[in-house]
Amino acid sequence: MNRRGTFRNAIKNVLIIVILCAFFVALFSLHSRQLNPDFWSKGIYSSDFPVHMGMFTSGKTYSWLRYMLPFVQKSFGNNGVAFVIACAEILTVFAVALLLCQTMNKVKSYSTALILGVACLIEKSFWYPNVKYLYFGCAVTTVLHNTTYIFMLLAETLAILFFFKMVEDGISVIKWKYWVAYTLFLTLATGIKGSFLTCFAPVLLVLLIVDFIRTRCRNITNEVLIGISVFPSLLILYLQTLQLFDDTSRVIFKPFALWQDYFLSSQLRSIPFVLCVMVLFFKKYKGKLWYIFSLLMGFCGYAEFFLLAESGPRMMHGNMAWSWFSGYFVLFSASVSIFANEWSLFIGEDHKDRKKLVCLLFCSLLLCWHVLSGVIYLRRLLDGSYYC
């Protein structure tokens, strides 16, 4: 590598360190305030952290976080809890970067994947002056006011990463070390919050049925073993439902039960980048298992939130949205992978294709708008605004 290339890489690495440090400091500062009674006592839309910490401490919760966060709080106080949560979010950035490297076959730079990983975590629906909501009714990749979702997202990312590694060469050739890792992280994610499983398991079932029909039973052993990997998580999910629901509350079929007054507007601001990538590049990537799986997870999460609701006092909690966010996160990450792949191809091989350049510049504009909106949203939260 020449001196100019070495200098360029050094600048890139310094930039990445600065971005990650700034992101960590902002998250730690936010979570410290969210755990402060003076911050959250202003209203119910300030943060879920204090309610969750009370549930973890009392043991009246389904989440496995009750075994960790109360110990951290007792040993190091609220700042210790904020530090652990911020660390989990930064670790998610590194996990997303690994996931992107798995799917970005034309981009081998981990430093580039880290920058894109931050983009995947910080993005929000399009902001514009006087916009009312950046969370309610919107599709988002991460949630900065909910402890269980933050930790679930880290485990979910690793589960998806190892799942894609496991089926990289098809179901007929399973890499067993990745099967073990994927099963463990899937179980961990479900133990923290069951929302990932509810949009992952149906898509996995479809995948196995399609493979069963396509191969005429030749992969039956591997299909059964992959199916078995979901059983521990399904058992955990069943136990969680026993604790969450009773005679006054259950999951019901009720389309558009929540946020219907501003749902369309929020959606139109949430999915431009994902939709643009799908329209422009679906034909090229429709044969990629990781993209089709991600696309189906996004659709499954959407369907769950659109069609299902909780009855009784839990209806307005919006808990069906967690699966929606979980599936959207996987889809958004896959769309970023395609975007990076196509830019790499353009620079290396297709640099004379003016039409493709226009498409990529338009996608870049949409992605930058998502990221800028996320920065503005984070700034709002730091200023004490409600998360809605």
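Residues numbered from 1 in each chain as written. Predicted model: local features only at pLDDT ≥ 70, side-chain atom pairs only at ≥ 80, totals over all residues. Heavy atoms only, no water.

Colleague: Would you mind going over the overall build of the protein in detail, with residue names and values included?
Modeller: On a plain count of helices and strands, the protein comes out with 15 helices and two strands. At 21 Å, the protein has a C-alpha radius of gyration in line with the 21 Å of a compact globule built from 388 residues. Along the first, second and third principal axes, the C-alpha atoms of the protein reach 60 × 55 × 45 Å. Split into buried and exposed, the 388 residues of the protein put 54% on the buried side. Here the contacts in the protein between residues at least 6 apart in sequence split such that 77% fall between residues at least 24 apart. With the model as given, the accessible surface of the protein reaches about 18200 Å², and the carbon-plus-sulfur share is 68%. Put simply, the protein has 34 plus and 19 minus side-chain charges, and the middle of one group is 7 Å from the middle of the other. (Helix = DSSP H or I, 4+ residues; strand = E, 2+ residues; numbered from the N terminus. Rg over C-alpha atoms; globule rule 2.2 N^0.38 Å. Buried < 20%, exposed > 50% of the residue type's maximum accessible area, 1.4 Å probe, protein only. Contact = heavy atoms within 4.5 Å. Areas by Shrake-Rupley, 256 points an atom, 1.4 Å probe, with all protein chains shown as cover. Lys, Arg positive; Asp, Glu negative; His and termini not counted. Charge placed at Lys NZ, Arg CZ, Asp CG, Glu CD.)

Colleague: Explain the nonpolar core to me, using residue names and the numbers behind them.
Modeller: Ranked by internal contacts, the top residues of the largest apolar core, which has 122 residues, are Phe 163, Phe 200 and Leu 204. Per-element tally for this core: the top contributor is helix H14 (residues 321-348), with 16 residues. Ignoring any residue separated from it by four or fewer positions in sequence, one finds Phe 200 in contact with Ile 160, Phe 163, Tyr 182, Leu 186, Phe 293 and Met 297. (Core = buried A, V, L, I, M, F, W, Y, C linked by side-chain atoms within 4.5 Å.)

Colleague: Now, about the packing of helix H6 (residues 147-166) against H14: what can you tell me, with residues and values included?
Modeller: Contact geometry of H6 with H14 gives a least axis separation of 11 Å together with a crossing angle of 40 degrees. In terms of axis orientation, H6 runs oblique to H14. With respect to the hand of their crossing, H6 and H14 are arranged in right-handed fashion. Of the residues in H14, those touching H6 at Tyr 149, Met 152, Leu 153, Glu 156, Thr 157 and Ile 160 are Trp 322, Phe 325, Ser 326, Phe 329 and Val 330. (Axes fitted to C-alpha atoms, helices over the stretch in contact; angles between N-to-C directions. Parallel < 35°, antiparallel > 145°, perpendicular 65-115°, else oblique. Left-handed = near helix turned anticlockwise from the far one by under 90°.)

Colleague: Quick one: what's the story with helix H5 (residues 110-122), residue by residue and with numbers?
Modeller: With 13 residues, H5 ought to run about 18 Å at 1.5 Å a step, and its terminal C-alpha atoms sit 18 Å apart, in line with that. When you tally the buried positions in H5, you get 10 out of 13 residues, the bulk of the element. (Expected span 1.5 Å × (residues − 1).)

Colleague: Explain a nonpolar patch on the surface to me, and be specific about the residues and the numbers.
Modeller: A surface patch of nonpolar side chains, about 810 Å² in accessible area, is lined by Leu 205, Ile 209, Phe 212, Ile 213, Ile 220, Val 224, Ile 228, Phe 231 and Leu 234. Only helix H8 (195-215), helix H9 (220-228) and helix H10 (231-244) provide two or more residues apiece to the nonpolar patch. With respect to the secondary-structure elements, Ile 228 resides in helix H9. (Patch = residues over 30% accessible without salt bridge, like charges linked within 9 Å, V, L, I, M, F, W, Y side chains within 5 Å. Salt bridge = Lys/Arg side-chain N within 4 Å of Asp/Glu carboxyl O.)

Colleague: I'd like a rundown of H14, residues and numbers included.
Modeller: When the terminal C-alpha atoms of H14 are compared, their 40 Å separation across 28 residues agrees well with the 40 Å that a helix rising 1.5 Å per residue should span. Counting buried positions along H14 gives 25 out of 28 residues, so the element sits mostly inside the fold.

Colleague: Quick rundown of the environment of Asp 246? Include the residues and the values.
Modeller: Tracing the sequence through the fold places Asp 246 in the loop between H10 and strand S1 (251-253). Overall, the relative accessible area of 48% leaves Asp 246 in the partly exposed class. Distance in space between the C-alpha atoms of Asp 246 and Cys 199 is 23 Å, their sequence separation being 47 residues.

Colleague: Please set out the packing of aromatic side chains residue by residue, giving values where relevant.
Modeller: Ring pairs (aromatic) are described by centroid distance and by the angle formed between their planes. One pass over the full model with this rule turns up 28 aromatic pairs. Aromatic pair Tyr 302 and Phe 306: ring centres 5.6 Å apart, planes at 20 degrees, arrangement stacked. Of this pair, Tyr 302 and Phe 306 both sit in helix H13 (residues 289-307), four residues apart, roughly one helical turn. With a relative accessible area of 21%, Phe 306 lands in the partly exposed category. Each ring, one from Tyr 302 and one from Trp 324, has its centre 6.0 Å from the other, and the planes form 55 degrees; the classification is tilted. You can see Tyr 302 sitting in helix H13 and its partner Trp 324 sitting in helix H14, a full 22 residues away along the chain. In this structure an aromatic cluster arises from ring pairing among Tyr 149, Tyr 302, Phe 305, Phe 306, Trp 322, Trp 324 and Phe 325. (Phe/Tyr/Trp six-rings, centres within 6.5 Å; stacked < 30°, edge-to-face > 60°.)

Colleague: An account of the environment of His 370 is needed here, citing residue identities and associated values.
Modeller: Mapped onto the elements, His 370 comes out in helix H15 (residues 354-382). Sequence-wise, His 370 and Asn 13 are 357 residues apart; in three dimensions their C-alpha atoms are separated by 23 Å. With residues up to four places along the chain from it excluded, the contact list for His 370 reads Glu 123, Lys 124, Ser 125, Phe 126, Arg 269, Ser 270, Pro 272, Phe 273, Tyr 328 and Phe 332. Among the polar contacts made by the side chain of His 370, one reaches the main-chain carbonyl oxygen of Lys 124 at a distance of 2.9 Å. (Polar contact = N/O pair within 3.5 Å; in protein donor to acceptor, adjacent residues only side chain to side chain.)

Colleague: Lay out the packing of helix H4 (residues 69-103) against H5 in plain terms, naming residues and giving numbers.
Modeller: Their axes nearest at 8 Å, the elements H4 and H5 cross at an angle of 120 degrees. It follows that H4 is oblique to H5 by the angle criterion. As H4 runs across H5, the sense of the crossing is right-handed. Counting all contacts with H4, which are made through Thr 92, Val 93, Phe 94, Val 96, Ala 97, Leu 98, Leu 100 and Cys 101, the residues of H5 involved are Tyr 110, Ala 113, Leu 114, Leu 116, Gly 117, Val 118, Cys 120 and Leu 121. Residues of the contact of H4 with H5, tallied by class, amount to 14 nonpolar, two polar and no charged. (Nonpolar A, V, L, I, M, F, W, Y, C, P; charged D, E, K, R; others polar.)

Colleague: An account of the pattern of salt bridges is needed here, citing residue identities and associated values.
Modeller: Across all of its chains, the model carries six salt bridges by this definition. Across the pair Asp 211 and Arg 214 runs a salt bridge whose closest N-O atoms are separated by 2.9 Å. Taken together, the residues Asp 211 and Arg 214, both in helix H8 and three residues apart, mark about one turn of the helix. By relative accessible area, which is 5% here, Asp 211 ends up buried.

Colleague: Break down unusual backbone geometry for me, with residues and values.
Modeller: A positive phi is found at Arg 216, a non-glycine position, where the angle reads about 55 degrees. Take Arg 216: it is sitting in the loop between H8 and H9. With a phi angle near 75 degrees, Cys 217 is a residue other than glycine that sits in the positive phi range. Within the secondary structure, Cys 217 sits in the loop between H8 and H9.

Remember that the coordinates give geometry; whether it matters functionally is a separate question.
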